[in-house]
Amino acid sequence: MTFKKYPNSKQFIKELNKGLSGSIYLFLGEEEGEKDKVINTMLDIVFGDSPDRYNNTGRFHITDEKNSFDQFIQAADFAMTGSMFSDKKVCIVRNIDLLKQSDAAKNTVNDMLSGIAEGTLVVFTSSKNQPPPFLVKNHEDKISIIQFWKYFDSDLYTYITKSLKDKKIDFEENTIPLLIEYTGNDIKKIDEAIDTLEYTSGETLVTA
């Protein structure tokens, strides 16, 4: 089977510096922490410091439970309904690959992608490395698909080193492999650990 290659997250982050070019995005892959960071950046671009960010951002999680369709219906309703108080909305739908398939589900997906309210940005996520056929069939030209690959240890080492230096944290080199081990290669946990070090270490040398 031939798998289609999509732009990766590093390429997409560079493009974000120019702003958002689409209204529907699908984030693929296992790197959930990086997805969170990119979604927050997108929210910054859409809303800035406006309180609309909290009132007009819908977060929906699809699970593998029997009510996955009901969960998706809520997301679809949010995306297709305009806001009386703002001309911008963001709809985030996590784990779209877990939506159980039925004629009703397929019809709702088609209705949603064809009827997204003006000014609404939609972000789907999936832990898989290829998009769900029911999502991209007939709509692939509308969806910007981005691949979020898991970081290799060497990438994490570089990432942590740069983050610590950017935050002016004084550290011993042997702390980095330990940090990777304790956080389980999870970018979100790594960022949280580095933030903790920033607020607690002061001018103290961070050691293993």
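In case you missed it, the structure is sitting above this.
None of these values were measured; they are calculated from a predicted model.

## What to know about the sheet that holds strand β4 (residues 120–126)
Part 1: Pairing within the open sheet is parallel, and its five strands lie in the order β2-β3-β4-β1-β5. Both outer strands of the open sheet, β2 (57–61) and β5 (144–147), are each paired with one neighbouring strand and no more. When the angles between neighbouring strand axes are averaged without regard to direction, this sheet yields 15 degrees.
Part 2: By the bridge criterion, four bridges tie strand β1 (residues 24–28) to β5 in an arrangement that is parallel. Paired with Tyr 25 across the strands is Ser 144, a residue of β5.
Part 3: Against the sheet, helix α2 (residues 32–47) engages β1, β2, β3 (89–94) and β4, with an angle of about 170 degrees to β3.

## Description of the side chain of Ser 86
Part 1: On the secondary structure map, Ser 86 appears in the loop between α4 (68–80) and β3.
Part 2: A polar side-chain atom of Ser 86 sits 3.2 Å from a polar atom in the side chain of Asp 52.
Part 3: Polar contacts involving the side chain of Ser 86 include one to the main-chain amide nitrogen of Lys 88, which spans 3.1 Å.
Part 4: Once you skip the residues sitting within four places of it in the chain, Ser 86 turns out to touch Asp 52 and Asn 56.

## Things to note about the packing of α2 against helix α9 (residues 187–201)
Part 1: Close contact between α2 and α9 brings their axes to 6 Å; oriented N to C, the two are set at 70 degrees. With respect to α9, the element α2 is oriented roughly perpendicular. Side by side, α2 and α9 meet where Gly 33, Glu 34, Asp 36 and Lys 37 of the first sit next to Ile 187, Lys 188 and Asp 191 of the second.
Part 2: Looking at the contact of α2 with α9 residue by residue, the classes come out as one nonpolar, one polar and five charged.

Definitions and limits used
Residues numbered from 1 in each chain as written. Predicted model: local features only at pLDDT ≥ 70, side-chain atom pairs only at ≥ 80, totals over all residues. Heavy atoms only, no water. Pairing = 2+ DSSP bridges. Helix = DSSP H or I, 4+ residues; strand = E, 2+ residues; numbered from the N terminus. Axes fitted to C-alpha atoms, helices over the stretch in contact; angles between N-to-C directions. Contact = heavy atoms within 4.5 Å. Polar contact = N/O pair within 3.5 Å; in protein donor to acceptor, adjacent residues only side chain to side chain. Parallel < 35°, antiparallel > 145°, perpendicular 65-115°, else oblique. Nonpolar A, V, L, I, M, F, W, Y, C, P; charged D, E, K, R; others polar.

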